[in-house]
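Structural overview
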Amino acid sequence: MGTLYEDMVAYGGEVFGKEHMETLRECVQCGKCTGGCPSGRNTAFRTRKLFQMALTDMREEIFNSPELWFCSTCYTCYERCPKGVKTTDLIRTIRNLAAKEGHMSVPHRMIGVYVLKTSHAVPLGPAQMELRKAVGLDEMAPTAQKYKDQLEQVQTIFKTTGYDAMIDFDWDTMNLKGMDKGGKK
Amino acid sequence: MAAKAETEGEVEEGKAGISTEQMTRNTMESIKSTVEDSLLEKIEEKEVDVAPEALVIGGGIAGMYAALDIADAGFKVHLVERLPSIGGHMAQLDKTFPTLDCSACILTPRLVDVGAHPNINLMSCSEVIGVEGSVGNFKVKVLKHAKYVDEATCTGCMMCEEACRLTGRFPNEFDLGLMKRAPIYRPFPFAIPAAYSIDAGTCLMLKKGKCGKATLESTIEAVKKVERGEEITKDEAPPCVLACGPNCIHHDMKDETVELNVGGIIVATGYDIIPPETMPEYKYGVYPHVINGLEFERYSSASGPTMGKMNVAGMPEPKDAVFLSCVGSRNKQVGYEYCSRVCCMYLAKQAHLLQEKVPSCNISVLYQDVRAFGKDFEEFYTRVKGEGLSYRRGLAAEIYKKPGSDRVIVRAEDTMLGEPIELEADLVVLGVGLKPSEGMDKLLEMLGVALTPDNFAKEAHPKFRPVDTDVPGVFVTGCAQGPKDIPDSVAQAKGAAGALLSLLARGKATIKPSVAEMEEALCIGSNTLKEMAAKIEEGA
Amino acid sequence: MSEEEGTKEYAYFLGCITPNRYPGIEAATKRILKEFGIETKEMMGASCCPAPGVFGSFDMHTWLPVAARNLAIAEEMDLDIVVTCNGCYGSLQEADHLLKGNPKLKEKTNEILGKFGREFKGTTKVNHSIVVLHDVIGLDRLKEKITKPMNGVNVAVHYGCHFLKPREVRGHGSSETPYILEDLVKVTGAKDVDYKDKLMCCGAGGGNRTADSVQSLEWMRQKLVSAIEEGCDCMVHPCAFCHLQLDRGQAEMNKAFGTDYNFPILFATQFLGLAMGLSEKECGLDIQTTTMPEKLLK
Amino acid sequence: MAEEEEYDYTKIPPTGSVEGIAAGAPEDSPRIGVYVCHCGINIKMVVDVEDVTRYAASLPNVVVARHYIFMCSDPGQDLIRKDLAEGRVNRVIVASCSPRMHEPTFRKTCSDSGLNPFYYEMANIREHCSWPHGDFHKEATEKAKELVRSAVARSALLEPLEEKLVDVKPEALVIGGGVTGMYAALDIANGGYKVHLVEKKPSIGGHVAQLSRTFPTLERVASLLTPRMIEVGAHPNIDLMTCSEVEEIGGYIGNFDVKVKRKPRYIDMEKCKDCTPCIEACPVKDIPDEFNEGLSTRSAIYIPFPFAVPPAYTIDAEHCLLLKEGKCGDATLETIKEGKAVPPCMAACPGVIDFEQKDEIEEFTAGTIIVATGYDLVDPGVSAEYKYGVYPNVITSMEFERLLSPGGPTGGKIELNGKEPKDIMFISCVGSRNKQVGNEYCSRVCCMYLAKQAYLAKEQLPDADVKVAFQDVRAFGKGFEEFYGDVKTEGVFYMRGLPGEIYKKPGSDRVVVRGENTFIGEPYEQEADLVVLGMGLAPNKDVKSIISMLKLSTSVDGFLMEAHPKLRPVDTATDGIFIAGCCASPKDITDSIAQGKATASGSLLYLVQGMAKIEPAISQIDEEICIGCARCVDVCPYGALELDEVRHVMTVNEAVCKGCGGCNSICPSGAATMKHYRDRQVYAQIEALTEITDVGMLAELESAATAAVAAEASAGAADTGSEAGEGEGAETEAVPGAE
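1. Some words on the sheet that holds strand β22 (residues 419-425) of chain B
Residues and elements named next belong to chain B. Read across the open sheet, the 3 strands follow the order β20-β21-β22; overall the sheet is antiparallel. One side of each edge strand has no neighbouring strand; the edge strands of this open sheet are β20 (396-401) and β22. Taking each pair of neighbouring strands and ignoring which way they run, the sheet shows an average axis angle of 25 degrees. Across 5 bridges, the pairing between β20 and strand β21 (residues 408-414) is antiparallel. The residue of β21 that forms the bridge with lysine 401 is valine 408.

See the structure below:
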């Protein structure tokens, strides 16, 4: 494990390319990101400060603050950054690293459970089938939720990448481990 | 490891002195040989006579100063300006930082000097359209656009403008469209040359061949009649011609091409402001409250559209104003990565002027770094801050209209507090940056001068040859080379003048033989490409 | 594939919310496209896109192959994709963009897809249904089919985030000066009204709705208030996920804050559908939280 | 009297005129024309210019009074030209702004029309009236009238003066052989004129020669500078005087008499082969090497740096045992003379070293003078909290340059006591932007040289942690912002906030920098084994004598003052003397060179012309009453006065006198007077100002004038209800107007 910046470049770099990640260092702390941030004016989330903290390697402070999860990935700052810092992608990368170290809330982990069970983050239920019929559609769209083999493909991906382990997924109960006892890890 | 290094260091110390000495000696030898090589090359160089005239392209403050120094030394200078008057952007400014001198007041005498200088041939409404030759002997073609008014006889009495049927209809470029002019106009009262000119694009006679009952033919005839001392009627000539005392309006004037032979050329084509529309989140052009820095200068100027009162776009004086730094500049995203060098200071000055004009106004300046680097700049910045306006660190993110109000809101983060802020304002001034002036790239291409990645003119060496270019005898200066303030532009202009003067004073220039050499056996003896092509064809 | 008159086919990537919560969007979109000769084919076995701000935030190495699998399905159908949700648009287009630009990443991803015999080749293109309406069908043809003009209706346009941004991937020009939805609204005869928080996020994305639903609803409240203050009659948008937040969110908000909002929310094809003579029911507007005023239905 | 209307400046037409009461005066009497300027609205807004015009017309000797929106504009000047051409006036007064602003403009207007320019007078109704009294319209208008009245009183007594030309010796003196002086000298020399380049040190090159690389291009400075240094050294038109100082300067533009003291090098420069045996032989080896900022040592016989120009050795008289103590080994000056014992250096290099050399004074005349004396680094002791000199880990930026330089004490390796640092901290604004230490100004170059140094540090030591503490990053020049971005991308971390203090980490040889990261709002403690202080630039302390010799002025920060901060950045108050580079204010190489070349232009202008104009409004001695007491000599700052011992009267050197008036005020007999400022002229002016206005009489005069009024504005203003313009015999004129 290197500094947070190094980890970000290594990890995010695999997906976005290193140069994309390295734009973090070009940040001049002008504050244009925070200034236009819909979260910033409603929560304690401070985009600019997050980057400064990332650059000063304040890993624990960042990972332990709930604000990290208040970015809605709206890309407003990404579009406006005068220095072309790839803000939103950097935030997502920091979140990835935090998640890897276990900083993930139960509701966030539950989203994974839905996908593992149904292939959808927002699955179909009986009530919604009625809605579909009401507008003249088949009660179930032909998505992976409908076909077991297709669902298994999605599950294979989650298993391969270790996402199931990351959220502590229990294949027996098809739920988070210990969810019956409140879901705490 | 550390301990080892330490002892090694100690042992080495005595030696280090000598070996270092030796090393640098080697460096020196190599440098010496480089220089000798270059001297050898010199021996082969040829000398040519230098035509004792200079061409300065651009009549802003840089071009004016370059021209004045050369002319004062006794050499003829041709000064080519694209617009109807010299003076450039400086003529548009209200006051200058950090001394708060009235810009027009300190500029006007110099305008007059240039206009009246016996050694300066001032060509306004003109463009360089062709350059041939090399240092010492540049053959330059200048296109003089028809002004339709005889510069020598026009007294600038403005009677024609008053009389024009379309007077006060068209945006005056000098006032950035905030005031209106006639098709026959003078950009500003203290313009040099003081003569009027007609904008062919808006003049009825020039556009349609007809103004009232008068046609182009009847007008030309009428002008001749007046010359002969005969009376004319309003059916024969347009109102401008009728009103003109000295009879100096000639709608049949044609563009003219002038050929010059000059020893050297100075490019001083200045800058344009970066269009504020490049940052749409600031809503320039959407809300009247949002103006750019140059517009502020016109509003603030006593000779501007509001005679210096801060009634922007007809609104009452502002209660709250916000100045925004780095609009366009230092912004990779919009394509201007460089710093524009003057905005921090002009914003400080403008904030000060607004404070002075509207003392009750609440003023904020949003910035990222205050670049108060020049002589007395830091002191001025401190003074302005001390006047009670608030400098807040953080660039504005966006501007929107306050619902149910005619005010706007500027969103930003005060990065020193680490908190997002919303500033209500009824005036927002955008500190727009500087970019190379339109068309400079084409001119430079003609001259063989390259551009730097920021699209300004490329100097021969950014550090040691700031006014030379790779083309001997061609110099760049002022904002054509990169954004700079007035004193730096003046110093650079005089620097370019110095370089050119030393060429003119000596009367000789060296030319690398490679430029002129040719293989005689292959030479088919011709001066033009056309002839040459014809000869080759013949031979074939 | 010909973009001239005649039949054009797209693989319709449904995602989660469209089919599972707001089938009205699915129905209206299909009907309108068909009206202009565009067929939408079901993507058998498609999954969650998966949500870019959610899975992208948790583990992009899982997010990417799941998205790539969806792209591969369309490739197998030899069709370009059309979507009705900004999340799907963002996720699939970004994944496509990243995989095309990075051979190593593509190889790694295909290793996973290979486990069940699929492969990302990079032969499909991800389109947003709204862009298809605007660019492929075109405003002129749309105008011809407007039978119930929306004259006198003031519309607050909401873009959602991933429709326009990041512009380097989306390619619809500056996100500060958008025009696509405005054009579509104006084609119906309605008025496009500028309002304060027009470009603001609905508040749901990036796992935000999950992380703290109350503050996520508060953003939405601000957005709605700023539209209502400008006298807007409804909000028109291109995103199923935003629809969930804006429509169902109003009920949640009323419950959480004790308010009484009922501001009509319409997906762009629902709005166009009404203008083209479809009924409220056909557009599924009767089975959502916010109710449609007479003004829109007459 | 009718109810007075509220003054509304927008109703004042752009122009108008009133015939004066002296309209019919004979041609040889003073016939004054008064021209009142609106200055756009600068004056008009406060002062009722029409009222002032009418009043002016009522004053003695005034033939015509006019007002116009911009007198300085061409149409404005045309009003004067026309009146002069018609022979209507023979004295001109413009009531407008400060004479500093436009006196030259209007004098030229007069002389162009054949009127002696010294018949021109100015009333400053802007800086002295409309600007300071903005809220008092009526009083300001009265004051404007008084100012015009006093100008009229003086105008009638003016005498014509002749402007003189002096020959300009076609040679220039450049003081300072740094990069600025070098470039100034080269341009003039290339123009074919002789240049005397005086440098105090044994080599030219200045501070720039000490630098490792340039920002933002990262080129080796030595390879760029050396060819130019050699060019200067070998230029046939450049008389290079190193180890030299200007002793005395007299004279005036075109003819400055210069005395230069050339100190001995004790080496025959012609013969010196630039080899090393003498260095090795010299027994004194522990002298801190100035060029390396004391990071290495040198011997008493030395060459300051390998690529020095001229490439000759020098014996440092302060440290040479023979010169300081009279004895080196067995050798003394005597034994050398006798051909017995010689010091080791002479033994190693026979026939080149000459201890008999003495100071030489060289005299010459120069047409122009360029001052390019450069800067000193701020003393790092000013910020004692950074513990420079206390901890060896804390060094100045110039010392760091030497560490980076391949010719430096470590051969270009960044190491302290042989160790590579792991954590390096750069601190901005040390001694700049700091009122506390007395330097409020920004030093303009530190941000960028620190960026460069940090970049080079990171390049050489990729594993090192390199941080820069700053307050604003002033990356303003061409390519600077881009470079700043690159530096950060390379991994240099920029942390906003100036450190508070530095202390030594207990039990370690590292230091700890305490500061606040103002972007987070949290204090931090950063360990470092190398701290580089970004030293600011200060005025050169050693040029005080030059400042007083040339009567240059300095601004509060101690840098030399230019004639005008905007438009005359390289000129001084004295014609023919120019300033350039860092002696005027801190600047980078590029800007210094541009200024250096600008002074070359300023000089060439005179050298090419071969002549210059000199100030005519100067002191004049009435020899009949001068008692030759010479008290004026003491007060004259220019040294223009001299006692004629034979006739026992004072004489004025007309080319040197600047017309300051010091002699005039101190002269007990009243023999010293100022041309153009004669006592009677000045007293008339004062009397007119202090005269208790006879209101009745004035009103009478005024109404008489008003009756003969004509203030016809241009067509556009005719219908604005101007109160003037209804008298009989109205003189209607369509004057070029402007709006």
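2. Looking at the interface of chain D and chain B
Facing the 101 residues of chain D at the interface are 95 residues of chain B. Buried area between chain D and chain B, summed over both chains or domains, comes out near 8,200 Å², and the portion from carbon and sulfur atoms is 61%. A per-residue breakdown of the area chain D buries against chain B is headed by D:Lys478, D:Lys566 and D:Leu567, which together make up 11% of the total. Linking chain D to chain B there are 8 salt bridges. A salt bridge links B:Asp488 to D:Arg444, with the shortest nitrogen-to-oxygen separation between them at 2.9 Å. Seen at the junction of chain D and chain B, the total is 33 residue pairs in polar contact (both at pLDDT 80 or more). The dominant element in the side of chain D that touches chain B, judged by the number of residues it contributes, is helix α16 (residues 589-609) of chain D, at 14 residues. A per-class count over the side of chain D that touches chain B returns 47 nonpolar, 29 polar and 25 charged.

3. Some thoughts on the pattern of salt bridges
Residue and element names in this part refer to chain B. Following the criterion strictly, the structure yields 106 salt bridges over all chains and no others. For the salt bridge of arginine 181 with glutamate 173, the shortest nitrogen-to-oxygen distance reads 2.8 Å. For arginine 181, a relative accessible area of 3% translates into the label buried. The class of glutamate 173 is partly exposed, set by a relative accessible area of 47%.

4. A word on the packing of aromatic side chains
Residue and element names in this part refer to chain D. Scanning the model with the defined rule gives 31 aromatic pairs over all chains in all. Here the aromatic rings of phenylalanine 400 and phenylalanine 426 are separated by 5.4 Å at their centres, their planes lie at 80 degrees, and the arrangement is edge-to-face. A residue pair is termed long-range when its members are at least 10 positions apart, and phenylalanine 400 in helix α12 (residues 397-404) and phenylalanine 426 in strand β20 (residues 423-430) qualify at 26 residues. With respect to burial, phenylalanine 400 and phenylalanine 426 carry one shared label: buried. For the ring pair tyrosine 441 and phenylalanine 559, a centre distance of 5.1 Å and an interplane angle of 80 degrees mean the geometry is edge-to-face. Here phenylalanine 559 lies in the loop between α15 (544-549) and β28 (577-579) and tyrosine 441 lies in the loop between β20 and α13 (446-460), a separation of 118 residues in the sequence.

5. Thoughts on the state of the cysteines
Summed over all chains, the structure comprises 1 disulfide over all chains. Residue B:Cys102 pairs covalently with B:Cys105 via a disulfide, S to S 2.4 Å. Note on the B:Cys102 and B:Cys105 pair: the S-S dihedral is about 75 degrees, so by sign convention the disulfide is right-handed. B:Cys105 carries the same exposure label as B:Cys102, and that label is buried. Of all cysteine sulfurs, the one in D:Cys275 lies closest to D:Cys272, which takes part in no disulfide; the gap is 6.6 Å. Looking at D:Cys272, the relative accessible area reads 16%, which means it is buried. Summary of cysteine pairing: D:Cys582 is not part of a disulfide, and the nearest cysteine sulfur, belonging to D:Cys583, is at 8.0 Å.

6. Quick notes on the sheet that holds strand β3 (residues 76-80) of chain B
Residue and element names in this part refer to chain B. The 5 strands are arranged β4-β3-β2-β14-β25 in an open sheet whose pairing can be described as parallel. Across the chains shown, the open sheet's two edge strands, defined by having one partner strand only, are β4 (120-123) and β25 (474-476). Across this sheet, the average inter-strand angle for adjacent strands is 15 degrees, counted without regard to direction. Pairing analysis gives 4 bridges linking strand β2 (residues 53-57) to strand β14 (residues 264-267), with the strands arranged parallel. Following the sheet pairing, alanine 54 is matched in β14 by glycine 264. Where helix α12 (residues 486-506) meets the sheet, it contacts β2, β14 and β25, and its direction lies at approximately 175 degrees from that of β14.

7. Observations concerning helix α11 (residues 440-447) of chain B
Residues and elements named next belong to chain B. Buried residues of α11: Met440, Leu443, Leu444 and Leu447, and no others. For α11, the angular spread of buried residues about the axis comes to 95 degrees, placing them on one side. Of the exposed residues in α11, those oriented more than 90 degrees away from the buried face are Lys442 and Glu445. On its buried face, α11 sits against β2, β5 (126-134), β14, β24 (434-436) and β25. Of the residues one or two after α11, glycine 448 is the one with positive phi, at around 80 degrees.

8. Overview of the domain arrangement of chain B
All names here are of chain B. Each domain of chain B was delimited in the assignment, giving domain 1 (53-145 + 259-270 + 437-511), domain 2 (159-254) and domain 3 (274-434). Just the C-alpha atoms count here: the centres of domain 2 and domain 3 sit 40 Å apart. Domain 2 puts 5 residues into the contact, and the matching count from domain 3 is 7 residues. Considering only the side of domain 2, the residues that lose the most area to domain 3 are Leu176, Leu178 and Met179, jointly responsible for 71% of the buried surface there. Where domain 2 meets domain 3, there are 1 salt bridge.

9. Digging into the environment of B:Asp72
Summarising the element assignment, B:Asp72 is placed in helix α2 (residues 61-72). Put simply, B:Asp72 and B:Ile120 are 48 residues apart on the chain and 9.4 Å apart in space, counted from C-alpha to C-alpha. Beyond its immediate sequence surroundings of up to four residues, B:Asp72 is in contact with B:His117, D:Leu605 and D:Gln609. A polar contact is formed between the side chain of B:Asp72 and the side chain of B:His117, at a distance of 2.8 Å.

10. Considering the side chain of C:Arg69
Take C:Arg69: it is sitting in helix α4 (residues 60-77). Buried and unpaired, C:Arg69 has A:Asp149 as its nearest opposite-charge partner, separated by 7.5 Å.

11. Quick look at a negative patch on the surface
A cluster of acidic side chains, namely A:Glu60, A:Glu61, D:Glu516 and D:Glu522, defines a negative patch on the protein surface. On the secondary structure map, A:Glu61 appears in helix α5 (residues 59-63). A residue is classified by how much of its surface remains accessible, and A:Glu61, at 42% relative accessible area, is partly exposed.

12. Remarks on unusual backbone geometry
Residue B:Pro193 is reached from B:Ile192 by a cis peptide bond, and omega for that bond is 0 degrees. With omega at -5 degrees, the peptide bond leading from C:Lys165 into C:Pro166 counts as cis. Note on placement: C:Pro166 falls in the loop between β5 (154-157) and α9 (167-170). A positive phi is found at B:Tyr148, a non-glycine position, where the angle reads about 65 degrees.

Rules and cut-offs
- Here the residue index of a chain counts from 1 through its sequence in written order.
- Written order determines the labels here, with chains lettered from A and ligands numbered from 1.
- It should be noted that, the model being predicted, local features are given only for residues of pLDDT at least 70 and side-chain atom pairs only at 80 or more, the latter also being counted only at that level, while totals for whole chains, interfaces and linings use all residues.
- In computing side-chain values, all of the structure's heavy atoms are included and hydrogens and water are not.
- Whether two strands pair depends on DSSP finding at least two bridges between them.
- Numbering goes from the N terminus for both helices and strands, where a helix is a DSSP run of H or I of at least four residues and a strand is a run of E of at least two.
- Working convention: axes come from line fits to C-alpha atoms, limited for helices to the stretch in contact. Angles between N-to-C directions cover 0 to 180 degrees.
- For this analysis, residues touch if any pair of their heavy atoms sits within 4.5 Å.
- Accessible area, probed at 1.4 Å, shrinks when two parts are joined; the buried area is that loss added up over both.
- When a carboxyl oxygen of Asp or Glu is within 4 Å of a side-chain nitrogen of Lys or Arg, the pair counts as a salt bridge.
- Definition of a polar contact: a pair of N or O atoms within 3.5 Å, with one able to donate and the other able to accept a hydrogen when the atoms are protein atoms, and with sequence-neighbouring residues admitted only if both atoms are side-chain atoms.
- Amino acids are sorted into nonpolar (Ala, Val, Leu, Ile, Met, Phe, Trp, Tyr, Cys and Pro), charged (Asp, Glu, Lys and Arg) and polar (every other residue, Gly among them).
- Any residue under 20% of the maximum accessible area for its type is buried, any over 50% is exposed, and the rest in between are partly exposed; the area is computed with a 1.4 Å probe on protein chains only.
- Side-chain rings of Phe, Tyr and Trp (the six-membered ring for Trp) are treated as a pair once their centres are within 6.5 Å; stacked means planes under 30 degrees apart, edge-to-face means over 60, and tilted covers the remaining angles.
- Note on terminology: pairs of cysteine sulfur atoms within 2.5 Å are recorded as disulfides.
- Directions drawn from the helix axis to the C-beta atoms are what define this arc.
- Segment limits for the domains were obtained from an automatic or database-derived domain assignment.
- By the counting scheme adopted, Arg and Lys are positive, Glu and Asp are negative, and His together with the chain ends is not counted.
- Residues qualify for a patch when their relative accessible area is over 30% and they have no salt bridge, like charges being joined within 9 Å and the nonpolar side chains of Val, Leu, Ile, Met, Phe, Trp and Tyr within 5 Å.
- Computed with the Shrake-Rupley method and a 1.4 Å probe, the accessible areas treat only the protein chains shown as cover for residues.
- One atom stands in for each charge, and that atom is NZ of Lys, CZ of Arg, CG of Asp or CD of Glu.

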